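An overview of the molecular structure
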Amino acid sequence: MKKTKKLLALVLAMVMAFAMLAIPAAAHGDEDEGIMPLYVVGKCSCGGTITSTSRVLRTYSSTVYSCPAHPGHTHTHSYTEVYHLTSCDSCTYSTERTSTDESCNFPL
């Protein structure tokens, strides 16, 4: 009976140790999931800190029949839509905007 309790206690301790290692490892995911960290931009007029964050909304390609760099040539352009949020941590000031970055995929 005494050996069984000691063995059971040892097994339980090992299970707890493995669980403490496995939970953080399972929570760790891909570092680049499209959510950017907060960046301090400056100070607000209320004295609070203004932070900015952004995330990728979507990425897509489209056929372009002519562009300023390559007039008269059919090719594709890649577009990335990014959501930007700037806000103060102590008052209601915030701005939201969406930007689209465009890149030309003209074959060389």
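Because the structure is a prediction, the values reported are computed rather than measured.

**Some thoughts on the overall build of the protein chain**
Within the protein chain, the secondary structure is distributed over 1 helix and 4 strands. Element order for the protein chain, N to C, with α for helix and β for strand: α-β-β-β-β. Here the protein chain, with 108 residues, has 19% of them falling under the buried criterion. Long-range pairs, those at least 24 residues apart, make up 39% of the contacts in the protein chain with a sequence separation of at least 6. Here the protein chain displays about 8600 Å² of accessible surface, and carbon together with sulfur accounts for 62% of that area.

**Details of the side chain of His 84**
Assignment of secondary structure puts His 84 in strand β3 (residues 75-88). Beyond its immediate chain neighbours, meaning those up to four positions away, His 84 contacts Thr 53, Ser 54, Thr 95, Glu 96, Arg 97 and Ser 99.

**Things to note about the pattern of salt bridges**
Counting across every chain of the model gives 1 salt bridge. For Arg 58, the salt bridge is made with Glu 81, and the minimal N-O distance between the two is 2.9 Å. A residue pair is termed long-range when its members are at least 10 positions apart, and Arg 58 in strand β2 (residues 49-64) and Glu 81 in strand β3 qualify at 23 residues. Since its relative accessible area comes to 45%, Arg 58 is described here as partly exposed.

**A short note on a nonpolar patch on the surface**
Together, Leu 7, Leu 10, Val 11, Met 14, Val 15, Phe 18 and Leu 21 line one region of the surface with nonpolar side chains, adding up to about 710 Å² of accessible area. Its place among the elements puts Phe 18 in helix α1 (residues 2-27).

**A look at the state of the cysteines**
Throughout the structure, instances matching the rule amount to 0 disulfides. Of the cysteine sulfurs around Cys 91, a residue in no disulfide, the closest is that of Cys 88, at 3.6 Å. The exposure class of Cys 91 is partly exposed, given its relative accessible area of 31%.

Conventions adopted
Residues numbered from 1 in each chain as written. Predicted model: local features only at pLDDT ≥ 70, side-chain atom pairs only at ≥ 80, totals over all residues. Heavy atoms only, no water. Helix = DSSP H or I, 4+ residues; strand = E, 2+ residues; numbered from the N terminus. Buried < 20%, exposed > 50% of the residue type's maximum accessible area, 1.4 Å probe, protein only. Contact = heavy atoms within 4.5 Å. Areas by Shrake-Rupley, 256 points an atom, 1.4 Å probe, with all protein chains shown as cover. Salt bridge = Lys/Arg side-chain N within 4 Å of Asp/Glu carboxyl O. Patch = residues over 30% accessible without salt bridge, like charges linked within 9 Å, V, L, I, M, F, W, Y side chains within 5 Å. Disulfide = S-S within 2.5 Å.

Everything listed is a geometric property; what it means functionally is a separate question.
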